[in-house]
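The residues making up each chain are set out below.
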Amino acid sequence: MAEADYLGYFLADAIIALKAEKRSFSVKYTVPPDCGFFQVDTSKLFVVRQRLLACGTLELTAAAKMRKEVCKNGI
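The sections below set out a description of the structure shown in this document. (Residues numbered from 1 in each chain as written. Predicted model: local features only at pLDDT ≥ 70, side-chain atom pairs only at ≥ 80, totals over all residues. Heavy atoms only, no water.)

## Considerations on the side chain of threonine 61
And step 1. In this structure, threonine 61 sits in strand S3 (residues 58–66).
And step 2. Owing to a relative accessible area of 10%, threonine 61 belongs among the buried residues under this scheme.
And step 3. Contacts of threonine 61, omitting those with residues within four sequence positions, involve Lys28, Thr30, Phe46, Val47, Val48 and Arg49. (Helix = DSSP H or I, 4+ residues; strand = E, 2+ residues; numbered from the N terminus. Buried < 20%, exposed > 50% of the residue type's maximum accessible area, 1.4 Å probe, protein only. Contact = heavy atoms within 4.5 Å.)

## Describing the nonpolar core
And step 1. Within the largest apolar cluster, eight residues are counted, these being Tyr6, Leu11, Ala14, Leu18, Val47, Leu58, Leu60 and Ala62.
And step 2. Every element with two or more residues in this core is listed here: helix H1 (11–20) and S3.
And step 3. Dropping the residues within four chain positions of it, valine 47 is found in contact with Tyr6, Leu7, Gly8, Tyr9, Leu11, Ala14, Leu60, Thr61 and Ala62. (Core = buried A, V, L, I, M, F, W, Y, C linked by side-chain atoms within 4.5 Å.)

## Comments concerning unusual backbone geometry
The phi angle of most residues is negative, glycine excepted, and most peptide bonds adopt the trans form.
And step 1. Positive phi, normally seen in glycine, also occurs at lysine 22, with a value near 55°.
And step 2. For lysine 22, the position within the fold is in the loop between H1 and strand S1 (25–30).
And step 3. Judged by its relative accessible area of 75%, lysine 22 falls in the exposed class.

## Notes on the environment of tyrosine 9
And step 1. Looking at where tyrosine 9 falls in the secondary structure, it is placed in the segment before H1.
And step 2. The spacing of tyrosine 9 and phenylalanine 46 is 37 residues in sequence and 5.7 Å in space, taken between C-alpha atoms.
And step 3. Non-local contacts of tyrosine 9, meaning those with residues more than four positions away in its chain, are made with Ala14, Leu45, Phe46 and Val47.

Put into structure tokens, the structure is as follows:
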């Protein structure tokens, strides 16, 4: 059976689909390593990686959408 591809899905939509399929899954989160320089919108999480583990669990990695950066001079 072909594996479903959840890359690019909203995390909430991927979770709903996986629960409907009664699939075993786990979620990891990733953030920019910049100590807060880049602003992220944690209300909009997207699946950026998926990996099928040896135990059959689908591991999803989610990241928040980056907010628009605007400098003080408007550029």
